[in-house]
Amino acid sequence: MFHLASSLYTQYTKREQYNVLILGLDNAGKTTFLEHLKLLYATPNETKKTEGGPDTTETIRSKRILPTVGQNVATIKYEGTDSHQFANINLKFWDLGGQKSLRSMWSRYYKSCHGIIFIIDSTDTERFHECYETLMEITHDQSWSDENNGFDFVNVPILMMANKQDLPTAVDLISLKTGYFIDLVSELEATDSKLLPVSILENQGLRESLDWLVTRLVYNKANKMPQYK
Ligand SMILES: Nc1nc2c(ncn2[C@@H]2O[C@H](COP(=O)(O)OP(=O)(O)OP(=O)(O)O)[C@@H](O)[C@H]2O)c(=O)[nH]1
Ligand SMILES: [Mg+2]
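Everything quoted here is computed from the prediction, not taken from an experiment.

## Let's talk about the packing of aromatic side chains
If you walk through the whole model with that rule in mind, you get six aromatic pairs. For the ring pair Trp94 and Tyr109, a centre distance of 6.2 Å and an interplane angle of 55 degrees mean the geometry is tilted. Taken as a pair, Trp94 in strand β3 (residues 89-96) and Tyr109 in the loop between β3 and β4 (115-121) lie far apart in primary sequence, 15 residues in all. Classification of Trp94 by relative accessible area gives buried; the value is 16%. An angle of 75 degrees between the planes, with centres 4.8 Å apart, marks the rings of Phe128 and Tyr180 as edge-to-face. In this pair, Phe128 sits in helix α4 (residues 128-139) while Tyr180 sits in helix α5 (residues 173-180), placing the two residues 52 residues apart along the sequence. Of the residues examined, Phe128 reaches a relative accessible area of 3% and is grouped as buried. Taking relative accessible area as the criterion, Tyr180 reaches 49% and is therefore assigned partly exposed. Through a chain of ring-to-ring contacts, the aromatic side chains of Phe128, Tyr180 and Phe181 assemble into a single cluster. Its end group placed over the ring of Tyr41, Arg207 keeps NZ or CZ at 4.7 Å from the ring centre. The aromatic ring of Tyr219 is capped on one face by Arg216, whose charged end is 4.6 Å from the ring centroid.

What follows is the structure in structure tokens.
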């Protein structure tokens, strides 16, 4: 009885926290994305920002973002587009360096993550195959295997963001799905995944992307319990 009461108390007074990894090749836009999120959403210790908020695009453009060596971490208070849905959720993001020599470090974070955001530079057609191979390595990594649960494959939702859609050379979503990434779409069929077009720099599609991810994180709770903070 005490356990039941205490777990109900926790559920109603604490926020759920989900850990999300931001992965992708170097120059995809991962750190730019994290910087945008920090401007778009309040942090757990802040109150809600003023109506309208800062102009994220101009603020981000004025920042000099260097290639990441190591990690950037930030936690935000999630607010869905529909404010009644999914209240009391924190998202903790890890933005990891995407250079080839740094990718072997990613798997250390898989066990503790609840979801993955994989960012693709939609203009970098020469490296689409590398994107595909990198995603396949992530989903088949042995760190996911868990004898207790019988998993030997990725068991968290994967949101792929086809970034830099503001540029004229960007490949659009349909062409990506039916052309360059057709194998990817069929390989990931059984996985909880989605490919969405975005422009991080222009702040296009970011809230919608997070809404999809949060819905899936909550749906996957039975496999990966959130932390309560
Ligand atoms: N045009 C355009 N440029 C973008 C967009 N998002 C990011 N960039 C640019 O892409 C470049 C790389 O961005 P980063 O955020 O540093 O990329 P990263 O994925 O963190 O790279 P690593 O840290 O090396 O793994 C920067 O010059 C950004 O301004 C976008 O939506 N549109
Ligand atoms: Mg970076």
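On we go from here.
## Quick notes on the site of ligand 1
Around ligand 1, the surrounding shell holds 20 residues, and the nearest of these are Lys30, Thr32, Thr68, Gly98 and Asp166. In this structure, Asn163 approaches ligand 1 through a side-chain N or O atom, which is 3.0 Å from an oxygen atom. Look at ligand 1: alone it shows 660 Å² of surface, and the protein chains cover 84% of it. Partitioning the shell around ligand 1 into residue classes produces seven nonpolar, nine polar and four charged.

## Some points on the coordination of the magnesium ion (ligand 2)
Metal coordination angles have textbook ideals: 109.5 degrees for a tetrahedral set of four donors and 90 or 180 degrees for an octahedral set of six. Protein coordination at the magnesium ion (ligand 2) comes from Thr31 (OG1) and Thr68 (OG1), with a distance range of 2.0 Å. With Thr31 in helix α2 (residues 30-40) and Thr68 in the loop between α3 (56-62) and β2 (71-77), the pair connects residues that are 37 residues apart, well separated along the chain. Judged by its relative accessible area of 12%, Thr68 is buried.

## Considering the side chain of Glu35
Residue position: Glu35 is located in helix α2. Exposure remark for Glu35: the relative accessible area of 13% places this residue in the buried category. Within the structure, Glu35 has its side chain in polar contact with the side chain of Lys63 (distance 2.6 Å).

## Comments concerning the pattern of salt bridges
Under the counting rule described, the total for this entry stands at 10 salt bridges. Note that Lys63 is salt-bridged to Glu35, the shortest N-O span being 2.6 Å. Here the residue Lys63 occupies a position in the loop between α3 and β2, and Glu35 occupies one in helix α2, the gap between them amounting to 28 residues. A relative accessible area of 40% places Lys63 in the partly exposed class. With its nearest N and O atoms 3.0 Å apart, the salt bridge here joins Arg216 to Asp192.

Rules and cut-offs
Residues numbered from 1 in each chain as written. Chains lettered and ligands numbered in written order. Predicted model: local features only at pLDDT ≥ 70, side-chain atom pairs only at ≥ 80, totals over all residues. Heavy atoms only, no water. Phe/Tyr/Trp six-rings, centres within 6.5 Å; stacked < 30°, edge-to-face > 60°. Helix = DSSP H or I, 4+ residues; strand = E, 2+ residues; numbered from the N terminus. Buried < 20%, exposed > 50% of the residue type's maximum accessible area, 1.4 Å probe, protein only. Lys NZ or Arg CZ within 6 Å of the ring centre and 35° of its normal. Near = heavy atom within 4 Å. Polar contact = N/O pair within 3.5 Å; in protein donor to acceptor, adjacent residues only side chain to side chain. Areas by Shrake-Rupley, 256 points an atom, 1.4 Å probe, with all protein chains shown as cover. Nonpolar A, V, L, I, M, F, W, Y, C, P; charged D, E, K, R; others polar. Donors = N, O, S within 2.8 Å, 3.2 Å for Na, K, Ca; no water. Salt bridge = Lys/Arg side-chain N within 4 Å of Asp/Glu carboxyl O.

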